[in-house]
Amino acid sequence: MSTHNRKTIGILGGTFDPIHFGHLRAAIEIYEHLNLDEIRLIPCRFPPHKTTPMADAHHRLTMIRKAVQGTKLQVDECEIEREPPSYSVDTLMALRRTYPEASLCMIVGADTFIGLPQWHQWEKLIQLTNIVVTHRGDPALPKKGIIKNFLEKHALATHESIRSFTAGRIIQQRITQLDISSTQIRNIIHTKLSPHFLLPSKVWEYIQTQGLYGYNKNFVAHTHQEEITRR
Ligand code: ATP
Ligand code: MG
């Protein structure tokens, strides 16, 4: 298949507990920079490397659906439907079976990339997908060791295009820096403050109506809830 015809699929996995503008902006910028044919957000059911998500999978999925509505971003439920734990290597193998010729591009923030050697069967990942490492504040990528060697071994050369490779290449891509994390949002809600403008309004409304992350309308003085109930 010529490179021109090869389908290029971006994949952004995560816990999305909850989804926020950092995830969404990263996804849309990579979609545009790399001229991807599609990009899928893939929420995990149970993250193997983290504590159990605060919100149930169906809530996290609903929030993602609300967030991507009317955009080019797609949602892939494969990890929610599969028995846990949610290993990325299984997701990539399934995608590879469906799209044997596609260029798969797994997007990870630098914070996630440096933890890759802890992932289940991590050395298999690069045989199944390309990896797009997006800059995310600190920390910088290590100057020596396993990750540096991995990066050097698979780095995309300047004259190469990621579309030419079904898998096996790593690129680093700078994106607009939005210093937002799900942890920060959960903490803000926990301390009875408002996370408004860190995530889509529809997602914040959903958190309030469902009482997620310990949100309790009786305790919150200045939130969007008043607006919702007035409508
Ligand atoms: P938590 O604080 O619970 O770890 P998070 O905000 O890091 O949540 P995840 O669901 O863990 O979100 O992240 C999924 C992917 O999105 C990871 O590859 C992560 O690096 C990336 N990502 C998350 N937030 C941002 C952001 N603000 N900018 C760029 N990439 C991000
Ligand atoms: Mg994280």
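The structure displayed is predicted, hence computed values, not measured ones.

On to the overall build of the protein. When helices and strands are tallied, the protein shows 10 helices and 6 strands. The C-alpha radius of gyration computed for the protein amounts to 18 Å, which stays within 12% of the reference 17 Å derived for 231 residues, consistent with globular compactness. In terms of overall dimensions, the protein has a C-alpha envelope of 55 × 35 × 35 Å along the principal axes. For the protein, the residues scored as buried account for 48% of the 231 residues in total. Across the protein, the fraction of contacts at a sequence separation of at least 24, relative to all contacts at a separation of at least 6, is 72%. When the 28 positive and 22 negative side-chain charges of the protein are each reduced to one mean point, those points stand 1 Å apart.

When the sulfur atoms of two cysteines share a covalent bond, that bond is a disulfide. Applying the stated rule across the entire model yields 0 disulfides. Distance from the sulfur of Cys 44, which forms no disulfide, to the nearest cysteine sulfur (Cys 78) is 11 Å. Looking at Cys 44, the relative accessible area reads 7%, which means it is buried. The thiol of Cys 105 is not disulfide-bonded; the next cysteine sulfur, from Cys 78, is found 16 Å away.

On to the sheet that holds strand β2 (residues 38-43), then. The parallel open sheet is built from 6 strands, whose spatial order is β3-β2-β1-β4-β5-β6. Two strands lie at the open edges of the sheet, namely β3 (73-75) and β6 (170-173), each paired on one side alone. Recorded for the sheet is a direction-independent mean angle of 30° between the axes of neighbouring strands. Here β2 runs beside β3; their pairing, made up of 3 bridges, is parallel. The residue of β3 that forms the bridge with Arg 40 is Gln 74.

What counts, and at which threshold
Residues numbered from 1 in each chain as written. Chains lettered and ligands numbered in written order. Predicted model: local features only at pLDDT ≥ 70, side-chain atom pairs only at ≥ 80, totals over all residues. Heavy atoms only, no water. Helix = DSSP H or I, 4+ residues; strand = E, 2+ residues; numbered from the N terminus. Rg over C-alpha atoms; globule rule 2.2 N^0.38 Å. Buried < 20%, exposed > 50% of the residue type's maximum accessible area, 1.4 Å probe, protein only. Contact = heavy atoms within 4.5 Å. Lys, Arg positive; Asp, Glu negative; His and termini not counted. Charge placed at Lys NZ, Arg CZ, Asp CG, Glu CD. Disulfide = S-S within 2.5 Å. Pairing = 2+ DSSP bridges. Axes fitted to C-alpha atoms, helices over the stretch in contact; angles between N-to-C directions.

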